[in-house]
Amino acid sequence: MTVEAEAGRLRTEADEPGWEVDPDDEWGVAVITTVGRQLKLRREAVGIRAAEFGTAVGYGEDMVYKIEGGKRIPRQEYLIKADEVLRAGGLIAATWEDVKKVRYPKKVRDLAQMEAKAVELQLYDPLNIHGLLQTPEYTRGLLLMRRPAYSEEEVERFIAARVARKAVFERDPAPEISFVLEEWTLRRPLGGRAVLRRQLEHLLEAGQLRNVELQVMPMDREEHAGLAGGIEVLKFEDGSAVGRSPVVANGRPVSEPRQLRILDLRYGIIRAQALTPRESTAFIEQLLGET
């Protein structure tokens, strides 16, 4: 039982924001509803009331009903404790394998699925170091800047989701990945100087991968084709592609050739205006020495 439960206070929705089920996420709703039904059937089969069960696992009765009703995503600790209380022999705890596949927001899962299939990725973020290149510490520093503030639970959930996307670097065969980074994002010490140093070191490590090219856009450039917003283009083995940028279709994913040509053109110009990969490596090394 958790320390909070031992102290007599049971967890409520206020303690775990960000674990609601998105009603538009059909797959997520189906998985969480099925897991919730299993929990309810098992609890009723052993004759434990919801309030009594909630006390045993450290959660309020209302949270128990919402999890069983498929309205809330159960945390792994909840499922493990429920398995013990209901003497399920590991069957309930094992449902975490299904739950963890839908615990991230649908848009994050959709993006990760597309990245997992792409053979080429062209990525430019004008505001921050791209998510695929962020260390967990940098991601935390970035998320803590958000206003209104995220809860600690939400921060941890978003960090886990971003880390999970990095599986794209471990694929075999590996996709070709191109990043363009803004100099000012490499100088901003989110989370402190030590976090920035580790982030710069990580960029140098990523840049050594044969399938990864990093380019830095210096702040002293008099021409810049990326001022209208970020660009993301994913290309697939069958020749199709999908892109996204605030300058096209208000940031919605697009696959129409004319719109993709605009994104390809803008990204190509941005790369031409940035430092070469070798120059960029030397530049990041210089920044690291100054940090």
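Here the structure is shown first, and the text comes after it.
All of these numbers come straight from a predicted model, not from anything done at the bench.

With respect to the overall build of the chain
Looking only at helices and strands, the chain has 13 helices and five strands in total. Once the C-alpha set of the chain is aligned to its principal axes, its extents read approximately 70 × 45 × 35 Å. Put simply, of all contacts in the chain between residues at least 6 apart along the chain, 71% involve residues at least 24 apart. Carbon and sulfur atoms provide 52% of the accessible area of the chain, an area that totals close to 15,300 Å².

Brief notes about the packing of helix α2 (residues 26-45) against helix α4 (residues 61-68)
One way to put it is that α2 packs onto α4 with a least axis distance of 7 Å and a crossing angle of 120 degrees. In terms of axis orientation, α2 runs oblique to α4. Listed contacts from α4 to Ile-32, Gly-36, Arg-37, Leu-39, Lys-40 and Arg-43 of α2 are Tyr-65, Ile-67 and Glu-68.

Some words on the sheet that holds strand β5 (residues 241-244)
With mixed pairing, the five strands of this open sheet are ordered in space as β3-β2-β1-β4-β5. Where the open sheet ends on each side, the last strands, each with one partner, are β3 (212-217) and β5. Direction aside, the axes of adjacent strands within the sheet are offset by 10 degrees on average. Bridge count between strand β1 (residues 118-125) and strand β4 (residues 231-236): six bridges; the pairing is antiparallel. When the sheet's bridge partners are listed, Gln-122 is paired in β4 with Val-233.

Quick word on the environment of Ile-159
Along the chain, Ile-159 turns up in helix α9 (residues 152-165). The exposure class of Ile-159 is buried, given its relative accessible area of 9%. In sequence terms Ile-159 and Thr-135 are 24 residues apart; their C-alpha atoms lie 9.3 Å from each other. Leaving out residues up to four positions away in the same chain, Ile-159 has contacts with Pro-136, Thr-139, Arg-140 and Leu-143.

Side note on the packing of aromatic side chains
Evaluated as defined, the whole model comprises three aromatic pairs. Between Phe-53 and Tyr-78 the ring centres are 6.2 Å apart and the planes differ by 80 degrees, which places this aromatic pair in the edge-to-face class. With Phe-53 in helix α3 (residues 50-57) and Tyr-78 in helix α5 (residues 76-85), this residue pair connects regions lying 25 residues apart in the sequence. The pair formed by Phe-53 and Tyr-78 is uniform in burial state, with each residue classed as buried. Geometrically, the ring pair formed by Tyr-59 and Tyr-78 is edge-to-face, given 4.9 Å between the ring centres and 85 degrees between the ring planes. Residue Tyr-59 is found in the loop between α3 and α4, and its partner Tyr-78 is found in helix α5; the two are separated by 19 residues along the sequence. For the pair formed by Tyr-59 and Tyr-78, the shared burial category is buried. Grouped by ring-pair contacts, the aromatic residues Phe-53, Tyr-59 and Tyr-78 constitute a single cluster. Taking the ring centre of Tyr-150 as reference, the NZ or CZ of Arg-146 above it sits at 4.3 Å.

Focus on the nonpolar core
Across soluble globular proteins, nonpolar side chains show a tendency to be buried alongside one another. One finds Leu-121, Leu-133, Phe-179, Leu-186, Leu-200 and Leu-203 to be the most contacted residues of the largest nonpolar core, which totals 31 residues. Among the elements that line this core, the one with the most residues is helix α11 (residues 193-207), at six residues. If we skip the residues at most four places from it in the chain, Leu-121 touches Glu-115, Leu-132, Val-168, Pro-175, Glu-176, Ile-177, Ser-178, Val-233 and Leu-234. If you look at the next biggest cluster of nonpolar residues, it comprises 24 residues, including Val-35, Val-57, Tyr-59 and Trp-96.

A closer look at the pairing of strand β2 (residues 176-182)
Counted residue by residue, β2 has six buried out of seven residues, so it is predominantly covered. Pairing geometry for β1 and β2, over six bridges, is parallel. Residue pairing in the sheet places Leu-121 in a bridge with Ile-177 of β2. Sheet topology note: the β2/β3 ladder contains six bridges and is parallel. Bridge pairing links Phe-179 to Leu-214 in β3.

A word on the environment of Thr-185
The topology assignment puts Thr-185 in helix α10 (residues 183-187). Residues Thr-185 and Lys-81 lie 104 residues apart in sequence; the distance between their C-alpha atoms is 43 Å. Leaving out residues up to four positions away in the same chain, Thr-185 has contacts with Pro-126, Leu-127, Asn-128, Ile-129 and Tyr-138. Among the polar contacts listed, one links the side chain of Thr-185 to the backbone oxygen of Glu-182, at a separation of 2.6 Å.

Let's talk about the pattern of salt bridges
Scanning the entire structure with this criterion turns up 17 salt bridges. Notably, a salt bridge pairs Asp-62 with Lys-66, separated by 3.8 Å at the nearest N-O pair. Of this pair, Asp-62 and Lys-66 both sit in helix α4, four residues apart, which is roughly one turn of that helix. Salt-bridge contacts for Glu-213 lead to Arg-271; the nearest nitrogen and oxygen are separated by 2.5 Å. Here Glu-213, found in strand β3, pairs with Arg-271, found in helix α12 (residues 257-273); they are 58 residues apart in sequence, far enough to count as distant. Relative accessible area serves as the criterion here: at 36%, Glu-213 is assigned to the partly exposed category.

What counts and what doesn't
- Residues numbered from 1 in each chain as written.
- Predicted model: local features only at pLDDT ≥ 70, side-chain atom pairs only at ≥ 80, totals over all residues.
- Heavy atoms only, no water.
- Helix = DSSP H or I, 4+ residues; strand = E, 2+ residues; numbered from the N terminus.
- Contact = heavy atoms within 4.5 Å.
- Areas by Shrake-Rupley, 256 points an atom, 1.4 Å probe, with all protein chains shown as cover.
- Axes fitted to C-alpha atoms, helices over the stretch in contact; angles between N-to-C directions.
- Parallel < 35°, antiparallel > 145°, perpendicular 65-115°, else oblique.
- Pairing = 2+ DSSP bridges.
- Buried < 20%, exposed > 50% of the residue type's maximum accessible area, 1.4 Å probe, protein only.
- Phe/Tyr/Trp six-rings, centres within 6.5 Å; stacked < 30°, edge-to-face > 60°.
- Lys NZ or Arg CZ within 6 Å of the ring centre and 35° of its normal.
- Core = buried A, V, L, I, M, F, W, Y, C linked by side-chain atoms within 4.5 Å.
- Polar contact = N/O pair within 3.5 Å; in protein donor to acceptor, adjacent residues only side chain to side chain.
- Salt bridge = Lys/Arg side-chain N within 4 Å of Asp/Glu carboxyl O.

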